[in-house]
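# Report on the structure
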Amino acid sequence: MTKIDTTRPETVLPTPSHTVGPFYGHALPFPGGEDIAPLGHPDTVTVHGHVYDGEGRPVPDALLELWGPDPEGNVPTADGSMRRDPASGGFLGRNGVEFTGFGRIRTDANGHWYARTLRPGARGGNAPYLSVCVFARGLLVHLFTRIHLPGDEAALAADPLLSRLDAGRRDTLVAGEEGAGTYRFDIRLQGEGETVFLEFQ
């Protein structure tokens, strides 16, 4: 949309851009979006962290989408993560048996998020990772990044993406291990320690 300067009809001024929303917390999240792994699965891991803005403040209204392969490195083919009752249209949630590999999580008031999923297996020449898409206030375009889990240093060192980064930047893509099956991965949108974000063309 443009504004026309009526005092000088030949001049067309651009309308300033601005962020609309965010509306992520209203319609996109669904109950159980963070529970990606089937109930009681022995390979379940928990990944959690915070989303921070450029000044190091928590972002309380961000939305993350996570997806990844199963422990054998296979991309899941199960239909979606949300099921609806065909009669009422109501939300049924996950069936608790099939692994879809997909989750959608919003941050809480402190910018914290968590997901329970299966530890991803390697695909091709890449070290195992979870793909992440970040939506947040102030972002006109969503951001893509990866979560690599520690444990196989040889695979991490040989990963085509990680091996091209210096150590400081590389560390922003590798979660820290907090205990058996629990990992911490903070996302910094800007500033010191900014997470490496990927551009797909």
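Residues numbered from 1 in each chain as written. Predicted model: local features only at pLDDT ≥ 70, side-chain atom pairs only at ≥ 80, totals over all residues. Heavy atoms only, no water.

## Quick notes on the overall build of the chain
The number of helices and strands found in the chain is three helices and eleven strands. Across the chain, helices and strands are ordered from the amino to the carboxyl terminus as β-β-α-β-β-β-β-β-β-α-α-β-β-β. Across the 201 residues that make up the chain, the buried fraction comes to 37%. Only carbon and sulfur atoms are counted for the fraction: they give 53% of the accessible area of the chain, which is about 11,500 Å². (Helix = DSSP H or I, 4+ residues; strand = E, 2+ residues; numbered from the N terminus. Buried < 20%, exposed > 50% of the residue type's maximum accessible area, 1.4 Å probe, protein only. Areas by Shrake-Rupley, 256 points an atom, 1.4 Å probe, with all protein chains shown as cover.)

## Describing the environment of G40
Mapped onto the secondary structure, G40 falls in the loop between α1 (24-27) and β3 (44-52). Taking the C-alpha atoms as reference points, G40 and V97, 57 residues apart in sequence, are found 9.4 Å from one another.

## Thoughts on the pattern of salt bridges
For the structure on display, the rule yields eight salt bridges. The partner of R57 in a salt bridge is D53, with the nearest N and O atoms 3.1 Å apart. Here D53 falls in the buried class, since its relative accessible area comes to 12%. Notably, a salt bridge pairs R137 with D61, separated by 3.2 Å at the nearest N-O pair. Of this pair, R137 sits in the loop between β7 (129-135) and β8 (143-148) while D61 is found in the loop between β3 and β4 (63-67), placing the two residues 76 residues apart along the sequence. In the salt-bridge network here, residues are joined through shared partners; they are D53, E55 and R57. (Salt bridge = Lys/Arg side-chain N within 4 Å of Asp/Glu carboxyl O.)

## Topic: the packing of aromatic side chains
Taken as a whole and assessed by the stated rule, the structure comprises one aromatic pair. Ring geometry for F144 versus F200: centroids 5.2 Å apart, planes at 90°, classification edge-to-face. Of the two residues, F144 is situated in strand β8 and F200 in the segment after β11 (187-188); the sequence distance between them amounts to 56 residues. Residue class for F200 comes out exposed when judged on its relative accessible area of 60%. (Phe/Tyr/Trp six-rings, centres within 6.5 Å; stacked < 30°, edge-to-face > 60°.)

## Focus: the pairing of strand β9 (residues 176-179)
Pairing analysis gives three bridges linking β9 to strand β10 (residues 182-184), with the strands arranged antiparallel. Directly across from G179, in β10, lies its bridge partner T182. Hairpin remark: β9 followed by β10, antiparallel, with two residues in the connecting loop; positive phi at G181, about 75°. (Pairing = 2+ DSSP bridges.)

## Structural notes on the confidence of the model for the chain
On average, residues of the chain carry a pLDDT of 86, and 86% of them reach 70 or more. Element-level mean pLDDT values for the chain span from 50 in strand β1 (residues 2-4) up to 98 in β11. (pLDDT = per-residue confidence, 0-100.)

## Overview of the nonpolar core
In summary, soluble globular proteins display a tendency toward joint burial of nonpolar side chains. Counting residues in hydrophobic clusters, the biggest one holds 27 residues, and the most contacted among them are L66, W113 and I147. Elements with a contribution of two residues or more to this core: β3, β4, β6 (112-118), β7 and β8. Contact partners of I147, with chain neighbours within four places excluded, come to V47, W113, P128, Y129, L130, V132, L173, A175 and F185. Membership of the second largest hydrophobic core comes to eight residues, among which are A127, L156, L161 and L173. (Core = buried A, V, L, I, M, F, W, Y, C linked by side-chain atoms within 4.5 Å. Contact = heavy atoms within 4.5 Å.)

## Observations regarding the environment of G124
Note on placement: G124 falls in the loop between β6 and β7. Owing to a relative accessible area of 80%, G124 belongs among the exposed residues under this scheme. Expressed as a C-alpha distance, the spacing of G124 and D159, which sit 35 residues apart in the sequence, is 9.9 Å.

## A word on the pairing of β4
Within β4, four of the five residues are buried, which leaves it mostly tucked inside the rest of the structure. With five bridges joining them, β4 and strand β5 (residues 102-106) adopt antiparallel strand pairing. Residue pairing across strands places L66 opposite G103, the latter belonging to β5. As defined by bridge partners, β4 adjoins β7 across five bridges and the pair is classed as antiparallel. When the sheet's bridge partners are listed, L63 is paired in β7 with F135.

## Topic: the side chain of T107
Along the chain, T107 falls in the loop between β5 and β6. The buried category is assigned to T107, whose relative accessible area is 5%. Within the local environment of T107, its side chain forms a polar contact with the backbone oxygen of P60, the two atoms lying 3.4 Å apart. Within the structure, the side chain of T107 is placed 3.5 Å from the backbone nitrogen of D61, a separation counted as a polar contact. For T107, the contacting residues outside a window of four places in its chain are V51, V59, P60, D61, A62, H112 and W113. (Polar contact = N/O pair within 3.5 Å; in protein donor to acceptor, adjacent residues only side chain to side chain.)

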